[in-house]
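Residue strings, one per chain:
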Amino acid sequence: MSNTLSTGVSPAGLPPRTLRLRIAHSISAILSPPVVSIPTILLVALYRTSNQLQAIGYTLLTLFFVSVGPMLYILIGVKLGKFTDMDVSKRSQRVGPFIICLLSVLVVFSLLGLIHGPHTLRTALLMTLFIGCIMMLVTLWGRWKISIHASSLAGAVTLLTALYGQVVLPAYALVALVCWSRVVLHRHTTGQVIAGSLVTIGIAALTLALYGI
(Lines give C-alpha, C1' and ligand atoms only; values in the text may rest on other atoms or scores of the structure.)
Protein backbone atom coordinates (compact mmCIF):
# COMPACT_ATOMS: atom_id res chain seq x y z
CA MET A 1 0.00 0.00 0.00
CA SER A 2 1.34 3.44 -0.91
CA ASN A 3 2.32 5.99 1.71
CA THR A 4 -0.58 8.25 0.70
CA LEU A 5 -3.14 5.49 1.11
CA SER A 6 -1.74 4.16 4.37
CA THR A 7 -1.21 7.46 6.16
CA GLY A 8 -3.60 9.80 4.37
CA VAL A 9 -0.70 12.16 3.74
CA SER A 10 0.62 13.09 0.29
CA PRO A 11 4.28 12.59 -0.67
CA ALA A 12 4.75 16.31 -0.14
CA GLY A 13 3.86 15.82 3.53
CA LEU A 14 0.43 17.40 3.28
CA PRO A 15 -3.01 15.82 3.59
CA PRO A 16 -4.36 15.12 0.07
CA ARG A 17 -7.17 17.67 0.49
CA THR A 18 -4.75 20.40 1.63
CA LEU A 19 -2.36 19.69 -1.25
CA ARG A 20 -5.29 19.76 -3.69
CA LEU A 21 -6.40 23.15 -2.39
CA ARG A 22 -2.88 24.55 -2.61
CA ILE A 23 -2.56 23.39 -6.19
CA ALA A 24 -5.95 24.93 -6.99
CA HIS A 25 -4.92 28.23 -5.35
CA SER A 26 -1.69 28.30 -7.39
CA ILE A 27 -3.50 27.59 -10.65
CA SER A 28 -6.13 30.22 -9.87
CA ALA A 29 -3.43 32.82 -9.14
CA ILE A 30 -1.24 31.99 -12.15
CA LEU A 31 -4.23 31.99 -14.53
CA SER A 32 -6.00 35.00 -13.01
CA PRO A 33 -7.33 37.68 -15.40
CA PRO A 34 -4.59 40.28 -14.67
CA VAL A 35 -1.82 37.71 -15.22
CA VAL A 36 -3.42 36.28 -18.36
CA SER A 37 -3.84 39.77 -19.82
CA ILE A 38 -0.07 40.40 -19.92
CA PRO A 39 1.02 37.79 -22.49
CA THR A 40 -2.31 38.05 -24.33
CA ILE A 41 -2.10 41.79 -24.95
CA LEU A 42 1.59 41.55 -25.85
CA LEU A 43 0.98 38.79 -28.40
CA VAL A 44 -1.96 40.67 -29.89
CA ALA A 45 0.08 43.88 -30.18
CA LEU A 46 3.01 42.01 -31.76
CA TYR A 47 0.84 40.25 -34.34
CA ARG A 48 2.29 40.99 -37.80
CA THR A 49 3.94 44.17 -36.54
CA SER A 50 6.94 45.73 -38.22
CA ASN A 51 7.83 47.79 -35.16
CA GLN A 52 8.21 45.67 -32.03
CA LEU A 53 9.20 48.61 -29.82
CA GLN A 54 6.02 50.44 -30.77
CA ALA A 55 4.00 47.28 -30.10
CA ILE A 56 5.48 47.07 -26.61
CA GLY A 57 4.46 50.69 -26.05
CA TYR A 58 0.89 49.88 -27.07
CA THR A 59 1.01 46.88 -24.74
CA LEU A 60 2.09 48.94 -21.74
CA LEU A 61 -0.54 51.59 -22.43
CA THR A 62 -3.27 48.95 -22.70
CA LEU A 63 -2.13 47.04 -19.61
CA PHE A 64 -2.13 50.23 -17.55
CA PHE A 65 -5.82 50.77 -18.24
CA VAL A 66 -7.00 47.17 -18.49
CA SER A 67 -5.06 45.60 -15.61
CA VAL A 68 -3.13 48.02 -13.40
CA GLY A 69 -5.90 50.58 -12.88
CA PRO A 70 -8.66 48.09 -11.99
CA MET A 71 -6.28 46.09 -9.78
CA LEU A 72 -5.34 49.19 -7.81
CA TYR A 73 -9.03 50.05 -7.40
CA ILE A 74 -9.74 46.57 -6.01
CA LEU A 75 -6.61 46.57 -3.82
CA ILE A 76 -7.61 49.87 -2.25
CA GLY A 77 -11.13 48.52 -1.81
CA VAL A 78 -9.80 45.45 0.01
CA LYS A 79 -7.63 47.63 2.26
CA LEU A 80 -10.64 49.80 3.11
CA GLY A 81 -12.83 46.76 3.74
CA LYS A 82 -15.07 47.49 0.77
CA PHE A 83 -14.22 44.14 -0.85
CA THR A 84 -13.62 40.85 0.92
CA ASP A 85 -10.70 39.80 -1.30
CA MET A 86 -8.86 40.53 -4.55
CA ASP A 87 -11.18 38.15 -6.44
CA VAL A 88 -14.19 40.18 -5.22
CA SER A 89 -15.79 36.84 -4.38
CA LYS A 90 -19.09 38.28 -3.19
CA ARG A 91 -21.44 38.93 -6.11
CA SER A 92 -22.95 41.97 -4.40
CA GLN A 93 -19.53 43.70 -4.31
CA ARG A 94 -18.85 43.42 -8.04
CA VAL A 95 -20.73 46.50 -9.27
CA GLY A 96 -17.87 48.96 -8.77
CA PRO A 97 -15.13 46.74 -10.23
CA PHE A 98 -17.24 45.94 -13.29
CA ILE A 99 -17.89 49.63 -13.97
CA ILE A 100 -14.24 50.59 -13.45
CA CYS A 101 -13.03 47.79 -15.72
CA LEU A 102 -15.48 48.64 -18.49
CA LEU A 103 -14.69 52.36 -18.34
CA SER A 104 -10.96 51.59 -18.42
CA VAL A 105 -11.36 49.40 -21.50
CA LEU A 106 -13.47 52.07 -23.20
CA VAL A 107 -10.88 54.78 -22.47
CA VAL A 108 -7.91 52.83 -23.86
CA PHE A 109 -9.98 51.67 -26.85
CA SER A 110 -10.67 55.33 -27.65
CA LEU A 111 -7.04 56.32 -27.11
CA LEU A 112 -5.78 53.62 -29.46
CA GLY A 113 -8.26 54.83 -32.06
CA LEU A 114 -6.92 58.38 -31.75
CA ILE A 115 -3.28 57.34 -32.09
CA HIS A 116 -4.04 54.74 -34.78
CA GLY A 117 -3.07 51.76 -32.64
CA PRO A 118 -3.13 48.20 -33.98
CA HIS A 119 -6.49 47.06 -35.31
CA THR A 120 -5.98 43.69 -33.66
CA LEU A 121 -5.57 45.32 -30.25
CA ARG A 122 -8.66 47.44 -30.72
CA THR A 123 -10.58 44.33 -31.74
CA ALA A 124 -9.40 42.60 -28.57
CA LEU A 125 -10.56 45.55 -26.47
CA LEU A 126 -13.92 45.68 -28.21
CA MET A 127 -14.32 41.97 -27.53
CA THR A 128 -13.40 42.57 -23.88
CA LEU A 129 -15.97 45.36 -23.67
CA PHE A 130 -18.77 43.18 -25.06
CA ILE A 131 -17.86 40.26 -22.81
CA GLY A 132 -17.59 42.52 -19.78
CA CYS A 133 -21.06 43.95 -20.39
CA ILE A 134 -22.57 40.46 -20.65
CA MET A 135 -20.75 39.30 -17.51
CA MET A 136 -22.00 42.35 -15.61
CA LEU A 137 -25.60 41.82 -16.74
CA VAL A 138 -25.51 38.15 -15.76
CA THR A 139 -23.87 38.88 -12.41
CA LEU A 140 -25.93 41.88 -11.34
CA TRP A 141 -29.33 41.31 -12.90
CA GLY A 142 -29.22 37.58 -13.46
CA ARG A 143 -27.99 37.18 -9.87
CA TRP A 144 -25.54 34.49 -10.94
CA LYS A 145 -21.83 34.67 -10.15
CA ILE A 146 -20.45 33.66 -13.51
CA SER A 147 -16.72 32.90 -13.53
CA ILE A 148 -14.49 35.79 -14.61
CA HIS A 149 -11.39 33.57 -14.40
CA ALA A 150 -12.87 31.11 -16.89
CA SER A 151 -14.22 33.89 -19.07
CA SER A 152 -10.93 35.79 -19.23
CA LEU A 153 -8.82 32.77 -20.15
CA ALA A 154 -11.34 31.37 -22.64
CA GLY A 155 -11.51 34.74 -24.39
CA ALA A 156 -7.72 35.05 -24.51
CA VAL A 157 -7.23 31.56 -25.97
CA THR A 158 -9.99 32.10 -28.54
CA LEU A 159 -8.48 35.40 -29.65
CA LEU A 160 -4.94 34.02 -29.88
CA THR A 161 -6.17 30.98 -31.80
CA ALA A 162 -7.80 33.30 -34.34
CA LEU A 163 -4.51 35.18 -34.72
CA TYR A 164 -1.89 32.45 -34.53
CA GLY A 165 -3.79 29.36 -35.60
CA GLN A 166 -3.90 25.77 -34.41
CA VAL A 167 -0.67 26.01 -32.45
CA VAL A 168 -2.67 27.75 -29.69
CA LEU A 169 -5.43 25.11 -29.47
CA PRO A 170 -3.72 23.05 -26.70
CA ALA A 171 -4.07 26.13 -24.47
CA TYR A 172 -7.76 25.31 -24.11
CA ALA A 173 -6.55 22.68 -21.63
CA LEU A 174 -5.62 25.62 -19.38
CA VAL A 175 -9.24 26.77 -19.51
CA ALA A 176 -10.33 23.38 -18.17
CA LEU A 177 -7.62 23.61 -15.52
CA VAL A 178 -8.67 27.03 -14.25
CA CYS A 179 -12.32 25.90 -14.24
CA TRP A 180 -11.30 22.95 -12.07
CA SER A 181 -9.43 25.22 -9.67
CA ARG A 182 -12.35 27.61 -9.21
CA VAL A 183 -14.74 24.75 -8.46
CA VAL A 184 -12.29 23.10 -6.03
CA LEU A 185 -11.88 26.42 -4.20
CA HIS A 186 -15.69 26.72 -4.00
CA ARG A 187 -15.57 30.09 -5.73
CA HIS A 188 -17.94 28.86 -8.46
CA THR A 189 -20.13 25.94 -9.36
CA THR A 190 -19.41 23.71 -12.35
CA GLY A 191 -22.23 25.43 -14.25
CA GLN A 192 -20.78 28.88 -13.57
CA VAL A 193 -17.31 28.05 -14.92
CA ILE A 194 -18.72 26.27 -17.97
CA ALA A 195 -21.03 29.21 -18.68
CA GLY A 196 -18.17 31.68 -18.25
CA SER A 197 -16.10 29.76 -20.78
CA LEU A 198 -18.72 29.00 -23.41
CA VAL A 199 -20.47 32.38 -23.37
CA THR A 200 -17.13 34.13 -23.78
CA ILE A 201 -15.97 31.85 -26.60
CA GLY A 202 -19.23 32.56 -28.42
CA ILE A 203 -19.03 36.35 -27.97
CA ALA A 204 -15.34 36.36 -28.92
CA ALA A 205 -15.97 34.39 -32.09
CA LEU A 206 -18.87 36.68 -33.06
CA THR A 207 -16.85 39.85 -32.40
CA LEU A 208 -13.94 38.54 -34.47
CA ALA A 209 -16.27 37.59 -37.30
CA LEU A 210 -17.98 40.99 -37.37
CA TYR A 211 -15.08 43.33 -36.57
CA GLY A 212 -12.22 41.35 -38.06
CA ILE A 213 -8.61 40.94 -37.06
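Bear in mind that the values here come from a model prediction, so they are computed numbers and not experimental data.

A.B. asks: Outline the environment of Ile23, listing residues and values.
C.D. replies: For Ile23, the location among the structural elements is in helix α2 (residues 16-30). Sequence spacing of Ile23 and Ser181 is 158 residues, and the spatial spacing of their C-alpha atoms is 7.9 Å.

A.B. asks: Account for the packing of aromatic side chains, naming residues and giving values.
C.D. replies: Summed over the entire model, instances satisfying the criterion amount to 3 aromatic pairs. Judged by centre distance (5.4 Å) and plane angle (90°), the ring pair of Phe64 and Phe65 falls under edge-to-face.

A.B. asks: Tell me what's going on with the packing of helix α3 (residues 33-46) against helix α4 (residues 52-79), and back it up with residues and numbers.
C.D. replies: Direction vectors running N to C along α3 and α4 enclose 155°, while the axes themselves pass 9 Å from each other. One finds that α3 runs roughly antiparallel with respect to α4. Of the two elements, α3 crosses α4, and the hand of that crossing is right-handed. Residues Pro34, Ser37, Ile38, Ile41, Leu42, Ala45 and Leu46 of α3 touch α4, and the partners they reach there are Gln52, Ala55, Ile56, Thr59, Thr62, Leu63, Val66, Ser67 and Met71. Residues of the contact of α3 with α4, tallied by class, amount to 11 nonpolar, 5 polar and no charged.

A.B. asks: Pulling in residues and values, what's your account of the packing of helix α8 (residues 172-184) against helix α9 (residues 190-211)?
C.D. replies: Interhelical geometry of α8 versus α9 gives an angle of 150° and a closest axis separation of 8 Å. As judged from the angle between their axes, α8 and α9 are roughly antiparallel. The element α8 and its partner α9 pack so that their crossing is right-handed. Along its contact with α8, which presents Tyr172, Val175, Cys179, Arg182 and Val183, the element α9 presents Thr190, Val193, Ser197 and Ile201.

Reading guide: rules and limits
- Residues numbered from 1 in each chain as written.
- Predicted model: local features only at pLDDT ≥ 70, side-chain atom pairs only at ≥ 80, totals over all residues.
- Heavy atoms only, no water.
- Helix = DSSP H or I, 4+ residues; strand = E, 2+ residues; numbered from the N terminus.
- Phe/Tyr/Trp six-rings, centres within 6.5 Å; stacked < 30°, edge-to-face > 60°.
- Axes fitted to C-alpha atoms, helices over the stretch in contact; angles between N-to-C directions.
- Parallel < 35°, antiparallel > 145°, perpendicular 65-115°, else oblique.
- Left-handed = near helix turned anticlockwise from the far one by under 90°.
- Contact = heavy atoms within 4.5 Å.
- Nonpolar A, V, L, I, M, F, W, Y, C, P; charged D, E, K, R; others polar.

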